[in-house]
Amino acid sequence: MAAVAQQYYEEAAQNEQMAEEDGTYIAYQTLDALQENGVAVNDIQKLNDAGFHTVESVAHATVRKLSEVRGLSEAKVLKIKEIVKGMVVMDFKTAADALEDRKSLVTLTTGSTELDKLLEGGIETGSITEVFGEFRTGKTQLCHTLCVTCQMPVTDGGAEGKAIYIDTEGTFRPQRLQAIAERFGMDPTATLENVAYARAHNSEHQTDLLKMAAAIMSADRYALIVVDSATALYRTDYSGRGELSERQMQLAQFLRQLTRLAEEFGVAVFITNQVVANPDGMSFAKDSTKPIGGNIIAHASTTRLRLRKGRGENRICTVFDSPTLPEADAQYAVGPQGICDAQD
């Protein structure tokens, strides 16, 4: 098995180098690769039907989770796990190698120069970024802007990929995407074709849409997943303290799936969150609100950004929590063509 693993590591390195040369790097392997290693076509189809669409998704899943796939015996699951261990690198690496990986990370421009500076390039791919704030702070407009900028060339602050938009509040407006596309000199019709949109009607449907998203992303190049908002339906589907524990458990599972998709496909996951009044906060404080979701969403989000209103159409973004970004502010504006630089 060690020899098989070494062979795949070498092939993966060669494929990565070739992909970088022609600019079509894909960070995942489809399940078709399993067939080449002795896994039956019927078993691959069973994995697909259960929501596993890449070799990485199988490698990252537990044996218990794979055993839940209908039609797969425990012996088959163990055999498949042994095969994928040789196809996906999951062991230790040096900090130097980790640093090199970070250098090649792609960021998506927000449309605002100052906001991009604050975020050291833009919204990071491969992780979850959460924005929260009261109404009219630009959360949804930022979602719309990113759906367009993610399609731009990497040299212009994009990722040359499509976008998936899960709307839980009915605020998605395709005509706004057209205006933003025109601003960046892009074809509005082609831009709309590159955004897969779905309206989630309840928290269970919201989770099911992630399974559909995984299938969609395994067939094409995607750079962004938007969930606007990630918490709204959980607030209405679960009410009262008696259902709080169940709500948090379901929310945690949803966020875990988002994290898996971010790592598996290398996409940026951008979620919005609502706020509530903080009874523990001082009434005279600068911002007496707090994001909902508690520690569950706080731990799942890699970067957390607080948005608040400024003067006129200007808004203020504060880095609330991040492993790399310092706590700082930046001003931006919300205009007819999405997020833009702040106005004097």
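For clarity, every value in this text was computed on a predicted model and none was experimentally measured.

## Comments concerning the overall build of the protein
Secondary structure summary: the protein contains 15 helices and 13 strands in total. Taking contacts inside the protein between residues at least 6 apart in sequence as the whole, the part at least 24 apart equals 65%. Accessible area of the protein: about 17500 Å², with a carbon and sulfur share of 50%.

## Comments concerning helix H14 (residues 244-265)
The end-to-end C-alpha distance of H14, which contains 22 residues, comes to 32 Å, matching closely the 32 Å that a straight helix rising 1.5 Å per residue would cover. Every buried residue of H14 is listed here: Arg247, Gln248, Leu251, Phe254, Leu255, Gln257, Leu258, Arg260, Leu261, Ala262, Glu264 and Phe265.

## Focus: the sheet that holds strand S3 (residues 128-132)
Taking strand neighbours across the sheet as the criterion, the nine strands line up as S5-S4-S6-S7-S3-S10-S11-S12-S13 in an open arrangement whose pairing is mixed. The open sheet has two edge strands, strand S5 (195-199) and strand S13 (338-341), and neither has a second partner. Neighbour to neighbour, the strand axes of the sheet diverge by 25° on average, direction disregarded. Note: strand S12 (residues 329-335) against S13, four bridges, orientation antiparallel. If you follow Ala333 over to S13, its bridge partner there is Cys340. Against the sheet, helix H10 (residues 174-183) engages S5, S12 and S13, with an angle of about 35° to S13.

## Here we look at the packing of helix H9 (residues 139-149) against H10
Direction vectors running N to C along H9 and H10 enclose 55°, while the axes themselves pass 9 Å from each other. Compared by their axis directions, H9 and H10 come out oblique. Both H9 and H10 take part in a crossing whose hand is right-handed. Here H9 contributes Gln141, His144, Thr145, Cys147 and Val148 to the contact with H10, which in turn contributes Arg176, Leu177, Ile180 and Ala181.

## A few points about the layout of surface pockets
A water-sized probe rolled over the atoms picks out the places where empty space is left. Considering only enclosed or pocket space, the second largest pocket measures out at about 700 Å³ in volume. Taken together, 24 residues line the second largest pocket, and the ones lying closest to its centre are Phe52, Lys65, Gln253, Gln257 and Arg260. Secondary structure elements with two or more residues in the lining of the second largest pocket: helix H4 (55-60), helix H5 (63-67), helix H12 (203-217) and H14. In terms of residue count, the dominant contributor to the lining of the second largest pocket is H14 (seven residues).

## So, the packing of H12 against H14
Helix packing for two helices is described by the angle between their axes and how far apart those axes are. Closest axis-to-axis distance for the H12/H14 pair is 10 Å, and the angle between their directions is 10°. Our classification of the angle between H12 and H14 gives roughly parallel. Contacts between H12 and H14 pair Gln206, Thr207, Leu210, Lys211, Ala214 and Met217 from the former with Phe254, Gln257, Leu258, Leu261 and Phe265 from the latter. Across the contact of H12 with H14, the residue classes break down as seven nonpolar, three polar and one charged.

## Some thoughts on the confidence of the model for the protein
Overall, the predicted model of the protein reaches an average pLDDT of 88, with 90% of residues at or above 70. Here helix H1 (residues 2-22) stands out as the element of the protein with the lowest mean pLDDT, 40, in contrast to strand S4 (residues 162-167), whose mean of 98 is the highest. Low pLDDT (under 50) marks residues 1-25, which in the prediction has 17 contacts with non-local residues, meaning those over four places away or in another chain.

## Quick look at the side chain of Glu124
Looking at the secondary structure, you find Glu124 in strand S2 (residues 123-124). Reaching out from Glu124, the side chain makes a polar contact with the side chain of Ser127 at a distance of 3.1 Å. Filtering out sequence-adjacent residues up to four positions away, Glu124 remains in contact with Arg102, Leu105, Val106, Thr107, Thr129 and Ala268.

## What to know about the packing of aromatic side chains
Going through the model one piece at a time under the given rule, you end up with seven aromatic pairs. Plain terms: the ring middles of Tyr28 and Phe265 are 4.8 Å apart, the flat faces sit at 70° to each other, and that makes the pair edge-to-face. Here Tyr28 is found in the loop between H1 and helix H2 (32-35), whereas its partner Phe265 is found in helix H14, with 237 residues between them in sequence. On the basis of relative accessible area, Tyr28 is assigned to the buried category, the value being 13%. For Phe265, a relative accessible area of 7% gives the class buried. With a centroid separation of 6.2 Å and 50° between ring planes, the pair formed by Tyr234 and Phe254 is classed as tilted. With a gap of 20 residues between them, Tyr234 in helix H13 (residues 232-237) and Phe254 in helix H14 connect regions that are remote in the sequence. When sorted by exposure, Tyr234 lands in the same class as Phe254, which is buried. One aromatic cluster is present, built from ring pairs that chain together Tyr165, Phe172 and Tyr197. Over the ring of Phe135 we find Lys309; its NZ or CZ atom is 4.0 Å from the centre of that ring.

## Focus: unusual backbone geometry
The peptide bond linking Asp228 to Ser229 adopts the cis configuration, its omega dihedral lying at -5°. Tracing the backbone through its elements, the reader meets Ser229 in the loop between strand S6 (222-228) and H13. Backbone geometry at Glu120 places phi at a positive 55°, although glycine is not the residue there. Residue position: Glu120 is located in the loop between helix H8 (113-118) and S2. Of the residues examined, Glu120 reaches a relative accessible area of 55% and is grouped as exposed.

Analysis parameters
Residues numbered from 1 in each chain as written. Predicted model: local features only at pLDDT ≥ 70, side-chain atom pairs only at ≥ 80, totals over all residues. Heavy atoms only, no water. Helix = DSSP H or I, 4+ residues; strand = E, 2+ residues; numbered from the N terminus. Contact = heavy atoms within 4.5 Å. Areas by Shrake-Rupley, 256 points an atom, 1.4 Å probe, with all protein chains shown as cover. Expected span 1.5 Å × (residues − 1). Buried < 20%, exposed > 50% of the residue type's maximum accessible area, 1.4 Å probe, protein only. Pairing = 2+ DSSP bridges. Axes fitted to C-alpha atoms, helices over the stretch in contact; angles between N-to-C directions. Parallel < 35°, antiparallel > 145°, perpendicular 65-115°, else oblique. Left-handed = near helix turned anticlockwise from the far one by under 90°. 1 Å grid on protein atoms, 1.4 Å probe; cavity = no way out; pocket = protein on both sides within 12 Å on 5 of 7 lines; lining within 4 Å. Points joined across faces, edges and corners; volume = space filled by probe spheres on them. Nonpolar A, V, L, I, M, F, W, Y, C, P; charged D, E, K, R; others polar. pLDDT = per-residue confidence, 0-100. Polar contact = N/O pair within 3.5 Å; in protein donor to acceptor, adjacent residues only side chain to side chain. Phe/Tyr/Trp six-rings, centres within 6.5 Å; stacked < 30°, edge-to-face > 60°. Lys NZ or Arg CZ within 6 Å of the ring centre and 35° of its normal.

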